[in-house]
Amino acid sequence: MSATDHFFAMPTHVIGKDIPRVDGRAKVTGRAHYAADNVFAGIVHAYGVMSTVADGRVAEIEAAPVLALPGVLGVWHHENFPQLHRSPNEMKSGTRVGEVRPPFEDDRVYYAGQFVAVVVAETFEQARAAARRLRIRYAEAKMDAPVTLGAGEDARGAHAPEGHEDERHGDADNAFTAAAVQVDATYTTPVEVHNPMELHATVARWSGGKLEVHDSTQWVVGQRKSLAAVLGIDAEDITVHAPFVGGGFGGKLFLWPHTVIAAALARETGRPLKLVLERRHTFTTVGHRPETRQRLRLGATTDGRLVSLRHDTWSQTSLVHEFVESAGSTSIAIYGPPDATVTHRVVRSNVGTPTPMRAPGAASGTFALECAVDELAIALKQDPVELRRRITSFDRDRKKNLPWSSCRLAECLNIASRKFGWERRDAEPGSMREGGEILGWGMATATWPAETGEAHVRVQLRDDGTARVCCATQDIGTGTYSVMAVTAAEVLGLPVEKISVVIGDSSLPTGPISGGSMVTATVVPVVAQAARAAIGSLLQTATASGAPFAGQNPDAVAWDAGILRASDRAAGGGDSARGVAFADVLRSQRRAGVDGEAKSGDNAAEKTYSFRAFGAHFVEVRWDPALARLRVARVVSAFDTGRIIHRKGALNQIEGAIMMGVGMALLEESVYDRRWGRVVTDNLADYLVPVNADQPEMDITLLDEPDPHIGEFGAKGMGEIGITGITAAIVNAIHHATGRRVRDLPVTVEKLL
Ligand code: MOS
């Protein structure tokens, strides 16, 4: 029996239980320190000056009047900024960046809101005041630079991106033409912005050629390597700290200009330096979810067999960097009939470089796909749940042609539809009324890859009776502290309060990026192994000469929830019979602690299985035609994300993602001014996000069944899956309420009138 089987069979004592967030108290009492909370003696403040044109050149910067202002230490721009380098921009080597062009590389302006200068002053207010007075003259500034995809399939300059080959199986076009029932529909999604609560911020300090960076980042290890590449110094000379991050959603995965600027100017000024982006800056210079256009063609037989699928996608990228929103990435995997085609095209625009945003590709892609499946159900006069039961590939990934490692999507559909009361649905749009309101019921499938990355974990058993778990990953609000603490507590048999978790520091043993929903699945098995290795070290110490179990074979001493006992009680008397607390063993040997370490290995099962998480959303909207009021009233969802490690954090991820889906469906849209290419909704008054009053009633079921192949305990990640499918479920419900099929997000009430 392998260790894995053993743990599946065991009832857990803290894993999956209702344990409060271990970092909750620090957060609500203000003891949790975020990047911008770092204040050092002599710190100076930088403030960005952003381009007001979307295309052109910086012709002149009138620095002299600004340099004379109180407290101003300098104005930097393309003519005097310290020399920088380009990062290799590879995920594998940890050098992937948000924008390959380093700030101030030349005088070119590629988008409105690009850094064109930065002012450093003694105080934040002085820096901001000076930045606002800096006059910049542009040359060759073009009006009407392209900032949107443009209409039509032959969208201007669309090209096939590198590394995204068209997927062509059989002959989708012929099969479509021959299909008895056809859906051919085009959907669009606008630019969306991550808008984490915590603004992007960097505090940089140099001493003796070493750089210390406090950064709001989802990847301390990557930030260190990419920053080293850009600054042209050794990664060993940089330490990146991010013990707490107030949300990222993808916007803080990679290195963006402000972090580079803070590090370079801290060196230049010889002072610790802080750079906090204003909210409006975060609409342009730290990535966004790009605009997409997606054409779905589904062909079916009259009895509802899917015979053709074609998903063609176009998305925006910038002029300086190619980012692909892989909106077609799930379609074939889940539904792929033998005749299927998926294509991705990108269009360069004068906008900041897009970046992953929560479930990149899938949030936008499942919107189009799951709406198209709903349209197909209507065309077939079939129930959309029944149709999904018929066309979903529940046994294997049809893109990779591998069996799923586990897939309980059918149960998700069954459980959520039953709890929702779907059987009472009258399929006729507008037919379900309650008082003055019309009820709309819609549903969709959710799915996201269940990936794992690399981790190296150290668990230390300490002479104060606690255990410390260390890894250079980070908690971006998603519950990683709690996940690691309960895993260590589970294996060690110690109370969760006795576990401290140290993460968010690039000098710790390497850990995964907080992206792609892979931290939990990556670190849980490695924390467990490292905890057992620490027990092994302790047993060695306990049996050394002069120790409580001196002379005994370590194998003959058992760890029992922090107490060591001789397995064969007869072998010794006294201590060995009574049991000795591990802290006493350490103290008796004058040891502060012992370590156990473990590293993730390659998961060989990846060659034989495809790993994915699954779920289903059922949504009730209420439409009041007299008031033109639309609300998402109720969401019932069920998820198969493997074993649940930290229940509260897990539910919180799904609830938060559903809320983000409400925003995506009804509210969120970055609007660009066509003449100057500026974002006009660059604040939280104009860029609408859902608030507490928009929160639907939620009923979330977590199946909590371990995946047998992903690693010990069988946990799949769940940071992103909740936002997949939800937008389609809402839009499908709106169709059911109103009879209107809106294919362009967000569904504002104007589109329903
Ligand atoms: Mo996620 S978009 O990988 O932070």
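Please refer to the structure placed before this passage.
First things first, this report covers the structure right here in the doc. (Residues numbered from 1 in each chain as written. Predicted model: local features only at pLDDT ≥ 70, side-chain atom pairs only at ≥ 80, totals over all residues. Heavy atoms only, no water.)

## A few points about the overall build of the chain
Per the secondary structure count, the chain includes 17 helices and 29 strands. A compact globule built from 753 residues would reach a C-alpha radius of gyration of about 27 Å, and the chain, at 28 Å, matches this within 12%. Expressed along its principal axes, the backbone C-alpha trace of the chain runs to roughly 85 × 75 × 50 Å. A burial count over the chain gives 60% of its 753 residues as buried. Here the analysis covers contacts within the chain between residues at least 6 apart in sequence; of these, 80% occur between residues at least 24 apart. Within the structure as shown, the chain displays about 27900 Å² of accessible surface, and the carbon and sulfur contribution to it stands at 48%. (Helix = DSSP H or I, 4+ residues; strand = E, 2+ residues; numbered from the N terminus. Rg over C-alpha atoms; globule rule 2.2 N^0.38 Å. Buried < 20%, exposed > 50% of the residue type's maximum accessible area, 1.4 Å probe, protein only. Contact = heavy atoms within 4.5 Å. Areas by Shrake-Rupley, 256 points an atom, 1.4 Å probe, with all protein chains shown as cover.)

## Considering helix H6 (residues 220-231)
Between its terminal C-alpha atoms H6 stretches 16 Å, which fits the 16 Å expected from 12 residues at 1.5 Å a residue. Within H6, 10 of the 12 residues are buried, which leaves it mostly tucked inside the rest of the structure. Looking only at H6, the buried set comprises Val 220, Val 221, Gly 222, Gln 223, Arg 224, Ser 226, Leu 227, Ala 228, Val 230 and Leu 231. Turning to H6, the residues buried within the fold contact strand S9 (201-207), strand S10 (210-215), strand S11 (238-241) and helix H7 (257-269). Gly 232 sits one or two residues past H6 and shows a positive phi near 70 degrees. (Expected span 1.5 Å × (residues − 1).)

## Some points on the pairing of strand S29 (residues 697-702)
Inspection of the sheet shows strand S28 (residues 629-640) paired to S29 by six bridges, in the parallel sense. Bridging across to S29, Phe 639 finds its partner in Leu 702. For the crossover that starts at S28, traverses helix H16 (residues 647-666) and ends in the parallel S29, the hand is right-handed. (Pairing = 2+ DSSP bridges. Right-handed = clockwise from strand over helix to strand, strands pointing away.)

## Remarks on a negative patch on the surface
Together, Glu 451, Glu 454, Asp 602 and Glu 606 give the surface a local cluster of negative charge. Structurally, the position occupied by Glu 606 is in the loop between strand S26 (593-599) and strand S27 (612-624). Accessibility expressed as a relative area gives 44% for Glu 606, which makes it partly exposed. (Patch = residues over 30% accessible without salt bridge, like charges linked within 9 Å, V, L, I, M, F, W, Y side chains within 5 Å. Salt bridge = Lys/Arg side-chain N within 4 Å of Asp/Glu carboxyl O. Lys, Arg positive; Asp, Glu negative; His and termini not counted. Charge placed at Lys NZ, Arg CZ, Asp CG, Glu CD.)

## Focus on empty space enclosed by the protein
Evaluation of the coordinates by the stated rule reveals seven cavities of 30 Å³ or more. Taken as a whole, the largest cavity holds about 80 Å³ of empty space. Around the largest cavity, the lining is made up of 13 residues, and of these Glu 99, Pro 102, Val 230, Leu 255 and Val 260 lie nearest the centre. Along the lines of polarity and charge, the residues of the lining of the largest cavity split into nine nonpolar, two polar and two charged. (1 Å grid on protein atoms, 1.4 Å probe; cavity = no way out; pocket = protein on both sides within 12 Å on 5 of 7 lines; lining within 4 Å. Points joined across faces, edges and corners; volume = space filled by probe spheres on them. Nonpolar A, V, L, I, M, F, W, Y, C, P; charged D, E, K, R; others polar.)

## Some words on the sheet that holds strand S6 (residues 135-139)
Pairing in this open sheet of three strands is antiparallel, and the strands run S4-S2-S6 from one edge to the other. This sheet does not close on itself; its edge strands, each paired only once, are strand S4 (108-109) and S6. Taken together, the two bridges between strand S2 (residues 56-62) and S4 define a ladder with antiparallel strand orientation. Residue pairing in the sheet places Gly 56 in a bridge with Val 109 of S4.

## A word on the packing of aromatic side chains
Evaluation of the coordinates by the stated rule reveals 14 aromatic pairs. For the pair Phe 104 and Phe 115, a centre-to-centre distance of 6.4 Å together with 75 degrees between the ring planes defines the contact as edge-to-face. Linking Phe 104 in the loop between strand S3 (72-77) and S4 with Phe 115 in strand S5 (residues 115-121), this pair joins segments that are 11 residues apart in sequence. Side by side, Phe 104 and Phe 115 carry an identical accessibility label, which is buried. With centroids separated by 5.2 Å and ring planes inclined at 80 degrees, the aromatic side chains of Trp 422 and Phe 618 adopt a geometry described as edge-to-face. In this pair, Trp 422 sits in the loop between helix H11 (409-420) and strand S18 (433-434) while Phe 618 sits in strand S27, placing the two residues 196 residues apart along the sequence. (Phe/Tyr/Trp six-rings, centres within 6.5 Å; stacked < 30°, edge-to-face > 60°.)

## A look at the pairing of S5
In terms of burial, S5 is a largely internal element, seven of the seven residues being buried. Relative to S5, strand S1 (residues 44-50) runs antiparallel, the two sharing six bridges. When the bridges of S5 are listed, Met 50 appears paired with Phe 115. Sheet analysis places S3 next to S5, joined by five bridges and oriented antiparallel.

## Some thoughts on the side chain of Glu 375
Relative to the helices and strands, Glu 375 is located in helix H9 (residues 362-380). By relative accessible area, Glu 375 is classed as buried at 12%. At a separation of 2.6 Å, a polar atom in the side chain of Glu 375 contacts the side chain of Tyr 187. Discounting chain neighbours no more than four positions away, the residues touching Glu 375 are Val 183, Ala 185, Tyr 187, Arg 741 and Arg 743. (Polar contact = N/O pair within 3.5 Å; in protein donor to acceptor, adjacent residues only side chain to side chain.)

## Overview of the sheet that holds S18
Strand order in the open sheet formed by five strands is S18-S19-S27-S28-S29, and the pairing between neighbours is mixed. In the strand order of this sheet, the two ends are held by S18 and S29, each with one partner. The strands that H11 touches are strand S19 (437-449), S27, S28 and S29; relative to S27, the one it contacts most, it runs at about 25 degrees. (Axes fitted to C-alpha atoms, helices over the stretch in contact; angles between N-to-C directions.)

## Here's the deal with the pattern of salt bridges
Scanning all chains against the criterion turns up 46 salt bridges. Ionic pairing is found between Lys 252 and Glu 198, a salt bridge with its closest N-O pair at 3.3 Å. Taken together, the residues span a long stretch of sequence, with Lys 252 in the loop between S11 and H7 and Glu 198 in the loop between strand S8 (181-189) and S9 at a distance of 54 residues. Here Lys 252 falls in the buried class, since its relative accessible area comes to 1%. Through salt bridges with shared partners, one network takes in Glu 434, Glu 437, Glu 620, Arg 622, Arg 629 and Arg 634.

## Side note on unusual backbone geometry
Leaving glycine aside, a negative phi is the common case for residues, and trans is the common case for peptide bonds. With an omega of -5 degrees, the peptide bond between Leu 745 and Pro 746 qualifies as cis. With respect to the helices and strands, the residue Pro 746 is situated in the segment after helix H17 (726-738). Unlike most non-glycine residues, Phe 104 shows phi in positive territory, near 65 degrees. In the Ramachandran plot, Ala 561 falls in the positive-phi region, its phi being about 50 degrees despite a non-glycine side chain. With a relative accessible area of 40%, Ala 561 lands in the partly exposed category.

## Notes on the environment of Val 58
In this structure, Val 58 sits in strand S2. Using a relative accessible area of 7% as the deciding quantity, one classes Val 58 as buried. Along the sequence, Val 58 and Arg 108 sit 50 residues apart, while their C-alpha atoms lie 6.5 Å from each other. Those residues within four positions of Val 58 in sequence are excluded, and the remaining contacts are His 78, Asp 107, Val 109, Val 116, Ile 136, Arg 137 and Tyr 138.

## Quick notes on the nonpolar core
Within the largest apolar cluster, 89 residues are counted, with the highest numbers of intra-cluster contacts made by Leu 298, Leu 376, Phe 618, Val 619, Val 621, Leu 666 and Ile 730. No other element matches the 11 residues that H9 contributes to this core. Listed in part, the 54 residues of the second largest apolar core include Ala 488, Val 496, Ala 534 and Ala 715. (Core = buried A, V, L, I, M, F, W, Y, C linked by side-chain atoms within 4.5 Å.)

Taken by themselves, the reported measurements are silent on function.
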